[in-house]
Each structure stands twice: as structure tokens, then as C-alpha cells.
Amino acid sequence: MIRRQRLAVGVCALLAALAAGLTFPTAAAADETEQAAPKVELVLDVSGSMRTRDIDGGTRMAAAKQAFDDVLDATPQDVELGIRTLGANYPGNDRKEGCKDTAQLYPVGPLDRTDAKTAVATLQPTGWTPIGPALLKAAGDLDGGSGTRRIVLISDGEDTCQPLDPCEVAREIAAKGIGLTIDTLGLVPDSKTRDQLSCIADATGGTYTSVQHKEELTDRVGQLVHRAADPVVTPVAASGAGQCTSAPTLKSGLYTDRAAFGQQRWYKVDVKPGQELRASVSVADDRAVNPSYGVLLRAVTAKGREIVRGEAAGTGRTDMISTGLRYPKPSSDDDNAPAETVCLEVAHSFSAPAGVKSTPGLPLELTVDVVSGPDQAHDVASFGLGRGWWLLGTLVLIGFLAGVLWGWLSRWRVAIWRTN
């Protein structure tokens, strides 16, 4: 009996030791798989042109400083942020020296808001605009690690250090496959600045935004910094077709394409019974356009019946316009029921003023999400009318009753007339 008890105690001790030995490696593995902190570097143009007073009555530099102060206050705790300048230190006319003028104002790492704000407050518009060299240095600042890495470039002019083309620099950064995104913002940009900053952003899957007001600058920079803390979603290039039959089939994801003026782009999505298609599209004007414009996103059956649409209009106050739609497909009692091919049409009514290039097309961003549908989904593709069938039925009934009533009144009036 005593031997059995001792044996049981020994077995329990052995199991406890094995459990403890397995626990620690598991914890270590969990620590090893912990994701790296997202990193963002703000690259600010501090060239002489930033003295220009055309943003809400103040200088471009003052607007940038105010935006940085606000963004630094709102930066998430888990984001490592740094600041690099270009054209901030060399005031001379030697082009060779001016094109070396880029420096890290605040190193990428855990943010000390007071130190970062103090560093930004010392900046004064000074010299050249070496965008290409600054991007190369910024990519080096963010090198290493597996977390999200993003450069936000704010500039009011095109690069003055050719032949080092900043577009080629951005393409080289993208070709390295390090997952670094460059977003660009143009302060009151002209057409050449807009084209160059758009090219830089497109090369790495980033975004370009033109800015005319302080609030716009603060909001956009803040959005980009917060986006770095979101899960990484890399846009996939897609080439829409001119008609549904030859359109590419898309799955859930984020896609980029270009749509020329007056052009329709078609895509296909397979939706199974019991699923819901959610789609949205944004079209940006990366060049000067006429003030009135709109965007249309339609879901159409393979036979051409319209299921549902989303549309939006603009009047020139923003440089991007978006719309979206939802299509829930009812469940089926047949477990082997085939998926329905839904055709998505994207069109916009932007138009180019005289002298503005119409090619390439305007950049569009299409989000497709196929998820589990609601329990009581209805077929909104009912002969192209969707919920309009309820209204049509009501109108038919009202028309019938009105006809009967009018006929009865007419007969009554005729009878009275004959009697009199």
C-alpha cells in the first residue's frame, strides 16, 4: 500500500515537472511571435518656399508646425515615430551642398511629445528641396523589424536635386520588398508638384493628398499616423475590363486600378447563398479637374439586371470621392447551390480642364468584402427593382381603388343627369 502511494506521488511529481518544462518554452514562443511596433517617420520640407503665406492667412511652415503639434498629441502609444527634415540647414546657393541637406530631427522610437514639439518649434524655412535624398535616408531610418513602416512626406514643391528622381527612388524602395509605404501631401501644389508626389505615392501603394487648409493637413497626417497602427493591408493591383464578361474575378481584399475620364471599369465577385457582398470605391483627382464630379458603383447580375447601386457627387471641395453598396444573397435549402456571379461597375464623371493630361486615368481604390449574410436576407435583385416592388405594388393597388371609385362616381353622376 505504501509502495503504491509513493509510486503515485512520484508519477504526479514527474507530470508536474514535465508540465512546468513545457510551460516556459510556450511563453517564450509567445514572446518571440509578438509583433513589432509600427514605425512612422514624418518627412517635412523646410525649404525657402515654405515661407509663402497662402494657407489660411499664414505661412506654409506655420501650418505644418501646428499640424505636427496636434498630431504628436494624438499619436497612439504603440507607434514609434520619428521626424526627418529636408532643406532645413543649408541656406547657400551651392546645389551640391543643398542636395545633401537632410537630417533626422527626432529619431524613430518611443515618442517623447515634449522633446519632439521642441525640435519642431526650432525649424525655419531655409534651403533646397532634396526629396530623393531624404526618402533614401528615411528608408534607412525605418530599416529593420517586421512591423508596419510608413513614411509621410509633406512638401510644397518638386525636387530640386535632379537627376536623382524621387519617383525612381520610391520605385527602388518598393522593389526591395520591405513593405514600406510612402504617403505624400502637397501644400498648395502646382501641377508639376502634384504629378511628382502622386508618382512617389503610387510607386509604394501609398496615397497622395493635396492640402489647401490647416485643418486638412492636421486631419490627414493624423489619419496616416493612426493607419500605421492598423493591421497591414497591402493593395493588390487589378485591371478592370470594359465589360463584365471579360472582367477579372476578385476575392475579398483591397485593390487599386486607374479609370480614364468617361471610362467604365468592370469586376466580378462570386457570392454564395447566405453571403453578403460589401463593396466600396474611392476615386482621387491626382491632377486639376473641373469642379463638378461624381462616382458610381453598381452591382449587376450576369444577365444585366441592376441589383443595387451607390453614388456620390462632389463640387470641388475635396480631392477624393467615395461610395459603397451592400448585397445580401438569400440562403438556399440546397447545400450545393452554386455561387452567383455579381458584376461590379465603377464609373466617374471627373473631367479635365483644357491643357490637363487625360492619361493615365485617375487612381481608384476598390474594397471587396464577402461575409456571412443576415439571417433574413431578401433578394434585392428582384427584376432590378429591389425594395421598389413594395412601392410599385402599393401604387398599383391605389390606382385600382381610385379607378373603381372614379368609375362609380361617374356612373352615379350620369344617372343623376339622366334623371334630371
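Residues numbered from 1 in each chain as written. Predicted model: local features only at pLDDT ≥ 70, side-chain atom pairs only at ≥ 80, totals over all residues. Heavy atoms only, no water.

**Some words on the pattern of salt bridges**
If charged atoms from side chains of opposite charge come close, those side chains can pair.
Alright, step 1. Taken as a whole and judged by the stated rule, the model has 17 salt bridges.
Alright, step 2. Residue Arg84 is joined to Glu41 by a salt bridge in which the shortest nitrogen-to-oxygen separation is 4.0 Å. Taken together, the residues Arg84 in strand 4 (residues 80-86) and Glu41 in strand 1 (residues 39-45) connect sequence positions 43 residues apart.
Alright, step 3. Exposure remark for Glu41: the relative accessible area of 0% places this residue in the buried category.
Alright, step 4. Salt-bridge contacts for Glu276 lead to Arg278; the nearest nitrogen and oxygen are separated by 2.6 Å.
Alright, step 5. Since its relative accessible area comes to 36%, Arg278 is described here as partly exposed. (Salt bridge = Lys/Arg side-chain N within 4 Å of Asp/Glu carboxyl O. Helix = DSSP H or I, 4+ residues; strand = E, 2+ residues; numbered from the N terminus. Buried < 20%, exposed > 50% of the residue type's maximum accessible area, 1.4 Å probe, protein only.)

**Some points on the confidence of the model for the protein**
Should the pLDDT be low somewhere, the predicted coordinates at that spot are not to be read in detail.
Alright, step 1. Summing up the model confidence of the protein, the mean pLDDT is 83 and the portion of residues at 70 or higher is 85%.
Alright, step 2. Low pLDDT (under 50) marks residues 1-33, which in the prediction has zero contacts with non-local residues, meaning those over four places away or in another chain. (pLDDT = per-residue confidence, 0-100. Contact = heavy atoms within 4.5 Å.)

**Quick word on the side chain of Asp156**
Alright, step 1. Here Asp156 is to be found in the loop between strand 6 (149-155) and helix 6 (166-175).
Alright, step 2. Here the side chain of Asp156 touches Ser49 through a polar contact of 2.8 Å, side chain to side chain. (Polar contact = N/O pair within 3.5 Å; in protein donor to acceptor, adjacent residues only side chain to side chain.)

**Thoughts on the state of the cysteines**
Alright, step 1. In total, this model carries three disulfides according to the counting rule given.
Alright, step 2. Each sulfur of the disulfide joining Cys99 and Cys161 lies 2.0 Å from the other. Between Cys99 and Cys161 the sulfur-sulfur dihedral comes to about -100 degrees; the bridge is accordingly left-handed. Remark: Cys161 occurs in the loop between strand 6 and helix 6 and Cys99 occurs in the loop between helix 3 (95-98) and strand 5 (102-109); sequence separation between them is 62 residues.
Alright, step 3. Among the residues examined, Cys99 registers a relative accessible area of 15% and is labelled buried.
Alright, step 4. Each disulfide pairs two cysteine sulfurs, and for Cys167 the partner residue is Cys199, the sulfurs being separated by 2.4 Å. Here the residue Cys167 occupies a position in helix 6, and Cys199 occupies one in helix 7 (residues 191-203), the gap between them amounting to 32 residues. Of the two residues examined, Cys167 and Cys199, each falls in the buried class. (Disulfide = S-S within 2.5 Å.)

**Focus on the nonpolar core**
Alright, step 1. Ranked by internal contacts, the top residues of the largest apolar core, which has 32 residues, are Leu42, Leu44, Ile154, Leu185, Leu217 and Val225.
Alright, step 2. Elements with a contribution of two residues or more to this core: strand 1, helix 2 (60-74), strand 4, helix 4 (113-121), strand 6, strand 7 (180-187) and helix 8 (214-227).
Alright, step 3. The dominant element in this core, judged by the number of residues it contributes, is helix 2, at seven residues.
Alright, step 4. Residues Leu250, Ala299, Val342 and Val346 belong to the second largest nonpolar core, which totals 28 residues. (Core = buried A, V, L, I, M, F, W, Y, C linked by side-chain atoms within 4.5 Å.)

**Quick look at a nonpolar patch on the surface**
Alright, step 1. Taken together, the side chains of Leu405, Trp406, Trp408, Leu409, Trp412 and Ile416 present a nonpolar region at the surface, about 690 Å² in accessible area.
Alright, step 2. Note that Leu405 resides in helix 9 (residues 388-419). (Patch = residues over 30% accessible without salt bridge, like charges linked within 9 Å, V, L, I, M, F, W, Y side chains within 5 Å. Areas by Shrake-Rupley, 256 points an atom, 1.4 Å probe, with all protein chains shown as cover.)

**Concerning the packing of helix 6 against helix 7**
Alright, step 1. Where helix 6 meets helix 7, the closest approach of the two axes is 8 Å, and the angle between their N-to-C directions is 10 degrees. Considering the angle they form, helix 6 stands roughly parallel to helix 7. Together, Pro166, Cys167, Ala170, Arg171 and Ala174 of helix 6 and Gln196, Cys199, Ile200 and Ala203 of helix 7 make up the contact between the two elements.
Alright, step 2. Taken together, the residues that form the contact of helix 6 with helix 7 break down as seven nonpolar, one polar and one charged. (Axes fitted to C-alpha atoms, helices over the stretch in contact; angles between N-to-C directions. Parallel < 35°, antiparallel > 145°, perpendicular 65-115°, else oblique. Nonpolar A, V, L, I, M, F, W, Y, C, P; charged D, E, K, R; others polar.)

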